[in-house]
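# A structural walkthrough
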Amino acid sequence: MKITIVSVGKLKEKYLKQGIAEYMKRLSAYATVNIMEVPDEKAPENMSKAEEEEVKRKEGQRILSHLNQDTFVITLEIEGKMLTSEQLAAKLDELATYGKSKIAFVIGGSLGLSKEVTKRSDLALSFSKMTFPHQLMRMILLEQVYRAYRINKGQPYHK
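Below you will find a few notes about this structure.

## So, the overall build of the protein
The helix and strand tally for the protein stands at five helices and five strands. The order of helices and strands in the protein, counted from the N terminus, is β-α-β-α-β-α-β-α-β-α. Considering only C-alpha atoms, the protein reaches an extent of 50 × 35 × 25 Å along its principal axes. Every one of the 159 residues in the protein was classed for burial, and the buried ones make up 42%. For the protein, restricting intrachain contacts to residue pairs at least 6 apart in sequence, the fraction spanning at least 24 positions comes to 85%. For the protein, the accessible surface area stands at approximately 9100 Å², while carbon and sulfur atoms represent 51% of it. Charge centroids of the protein, computed over 26 positive and 20 negative side chains, lie 5 Å from each other.

Right, here's the structure in full:
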């Protein structure tokens, strides 16, 4: 399976880079995983709704340029569907079984995702009703994908 994580913004924090590198290494036994960073737009605090939508639109265009037609797209959204780790594992197994060998997870910028990106999504997934920094979400997502593969292979993983 080929998994791409399309994420808005550069990762700067050393501790997150180390954690992500560790999960990328662990996942390499199960799938090919790539991270595509797309540049974020400047988003000052006091923007109008129209300016916020324009920021999301520009970031959305960059995201969409990395999504092929034959890719199953999973967007990370607060209002998305919440799954247990076992349910995520079952979903990834189902996709592989039915020939969806290319999956893209999309992590938006600080303002979220554009309407165009959410329309392209095949599954809106929520990790929580809470808001997380999008840089931290990369590591959380990688950990859950790794956990899913361990579950699907019947391999032990701490609970």
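## Points about the sheet that holds strand β2 (residues 32-38)
What the five strands build is an open sheet, ordered β2-β1-β4-β3-β5; its pairing is parallel. Of all strands in the sheet, those bounded by a partner on one side alone are β2 and β5 (123-126). Neighbouring strand axes in the sheet, compared pairwise and without regard to direction, differ in orientation by 30° on average. Taken together, the six bridges between strand β1 (residues 2-8) and strand β4 (residues 102-107) define a ladder with parallel strand orientation. What sits directly across from Thr4, in β4, is Ala104.

## So, helix α1 (residues 14-27)
Its 14 residues give α1 an end-to-end C-alpha distance of 20 Å, which sits within 8% of 20 Å, the value for a rise of 1.5 Å per residue. All of the buried residues in α1 are Leu16, Gly19, Ile20, Tyr23 and Leu27. Looking down the long axis of α1, one finds its buried residues gathered within 100° of arc, a one-sided arrangement. Exposed and facing more than 90 degrees away from the buried side of α1 are Lys14 and Lys25. Summarising the contacts, the buried residues of α1 are in contact with β2 and α5 (134-152).

## What about the nonpolar core?
If you look at the biggest cluster of nonpolar residues, it comprises 30 residues, and the most contacted ones within it are Leu92, Phe105 and Val145. Mapped by element, the contributors of at least two residues to this core are β1, α1, β3 (72-82), α3 (85-97), β4, β5 and α5. Top element by residues in this core is α5. It accounts for seven residues.

## As for the side chain of Gln135
Here Gln135 lies in helix α5. Every residue in contact with Gln135, bar those within four places of it in the chain, is listed here: Lys10, Leu11, Glu13, Leu16 and Ile20.

What counts, and at which threshold
Residues numbered from 1 in each chain as written. Predicted model: local features only at pLDDT ≥ 70, side-chain atom pairs only at ≥ 80, totals over all residues. Heavy atoms only, no water. Helix = DSSP H or I, 4+ residues; strand = E, 2+ residues; numbered from the N terminus. Buried < 20%, exposed > 50% of the residue type's maximum accessible area, 1.4 Å probe, protein only. Contact = heavy atoms within 4.5 Å. Areas by Shrake-Rupley, 256 points an atom, 1.4 Å probe, with all protein chains shown as cover. Lys, Arg positive; Asp, Glu negative; His and termini not counted. Charge placed at Lys NZ, Arg CZ, Asp CG, Glu CD. Pairing = 2+ DSSP bridges. Axes fitted to C-alpha atoms, helices over the stretch in contact; angles between N-to-C directions. Expected span 1.5 Å × (residues − 1). Arc of directions from axis to C-beta. Core = buried A, V, L, I, M, F, W, Y, C linked by side-chain atoms within 4.5 Å.

Honestly, it's all geometry; don't read function into it.
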